[in-house]
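# Overview (structure and organization)
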Amino acid sequence: MKTILILTGTGGTGKTTIINELKLLAKENQFAMDSSTVFIGSPTRSFFEKEGVENEAQLETKDDEFKTQFQLRLFDYSIDHYASLYLNSTSNMLISDRCPIDMLAYTLLRSQATMDRQQYEECIGKLLGFFKTISGLSCTMEYRRRLQVYWLCQEQNQLTYPE
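Keep in mind it's a predicted model, so treat the numbers as computed, not measured.

With parallel pairing, 3 strands are arranged side by side in an open sheet as S1-S3-S2. Because the sheet does not close on itself, it has two edges, and the strands there are strand S1 (3-6) and strand S2 (38-40). Direction aside, neighbouring strands of the sheet carry axes that sit 20 degrees apart on average. The pairing of S2 with strand S3 (residues 93-96) spans 3 bridges and is parallel. Bridging from a neighbouring strand, Ile 40 pairs with Ser 96 of S3.

Bringing the pattern of salt bridges into the picture now. Going through the model one piece at a time under the given rule, you end up with 8 salt bridges. Here Lys 67 and Glu 60 are joined by a salt bridge, their closest N and O atoms 3.4 Å apart. Where salt bridges share partners, they join Lys 50, Glu 51 and Arg 73 into one cluster.

Grouped together as the largest cluster of nonpolar side chains are 26 residues, with contacts concentrated most on Phe 75, Tyr 86 and Leu 104. Of all the elements in the fold, those that place two or more residues in this core are helix H2 (44-51), helix H4 (64-88), helix H5 (100-111) and helix H6 (117-135). For this core, the element with the most residues is H4, which contributes 8 residues. Not counting the four nearest positions on each side in its chain, Tyr 86 is found in contact with Lys 2, Ile 4, Ile 6, Ile 40, Leu 94, Ser 96, Arg 98, Cys 99, Phe 130 and Ile 134.

With that settled, the discussion passes to H2. Within the span of H2, buried status applies to Thr 44, Phe 47 and Phe 48. Within H2, the buried residues cover an arc of 100 degrees as seen down the axis, which keeps them to one side. For H2, the exposed residues lying more than 90 degrees away from the buried face are Arg 45, Glu 49 and Lys 50. Contact partners of the buried residues in H2: helix H3 (56-60), H4 and H5. Note on H2: the residue one or two positions beyond its end, Gly 52, has a positive phi of about 75 degrees.

Tracing the sequence through the fold places His 81 in helix H4. Using a relative accessible area of 22% as the deciding quantity, one classes His 81 as partly exposed. Separated by 39 residues in the primary sequence, His 81 and Ser 42 have C-alpha atoms spaced 8.9 Å apart. With near-sequence residues (within four places) excluded, His 81 lies in contact with Ile 40, Gly 41 and Pro 43.

About the criteria used
Residues numbered from 1 in each chain as written. Predicted model: local features only at pLDDT ≥ 70, side-chain atom pairs only at ≥ 80, totals over all residues. Heavy atoms only, no water. Pairing = 2+ DSSP bridges. Helix = DSSP H or I, 4+ residues; strand = E, 2+ residues; numbered from the N terminus. Axes fitted to C-alpha atoms, helices over the stretch in contact; angles between N-to-C directions. Salt bridge = Lys/Arg side-chain N within 4 Å of Asp/Glu carboxyl O. Core = buried A, V, L, I, M, F, W, Y, C linked by side-chain atoms within 4.5 Å. Buried < 20%, exposed > 50% of the residue type's maximum accessible area, 1.4 Å probe, protein only. Contact = heavy atoms within 4.5 Å. Arc of directions from axis to C-beta.

None of the figures reported here should be taken as evidence of function without further support.
The structure is reproduced here in structure tokens:
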């Protein structure tokens, strides 16, 4: 059975640092780990290169519509990246410092000014499809309802979130 360990959280909280420490400890034989363990990095850097964007600062010089479309393409690229790695890896242990939930959060944060409801729902659908693909399970209707409530709160510029 394949185990997928994902560290998730807001940017700059130390997810990558933890992963790098695990790698170092494993290399020094202070942490028992299967030799086939795969560490999965973020697809963001390779996507930026593919798109010819050097860094975040360059992206910030673009208009909101460009940034939204760029972020939506990055989200799609990320979903494909993670699904391919999770499904095609022969390793029994995969460890990642990000996952598609993080990519969705970044997409919503960076695109909320210009993202419409249809684009939002497409992102949610892709995320749910990703988890269904890798686990064979679908998300519950309760989870879907919470996401819809979140969107309504966002539309009304309220700072409340579903419980």
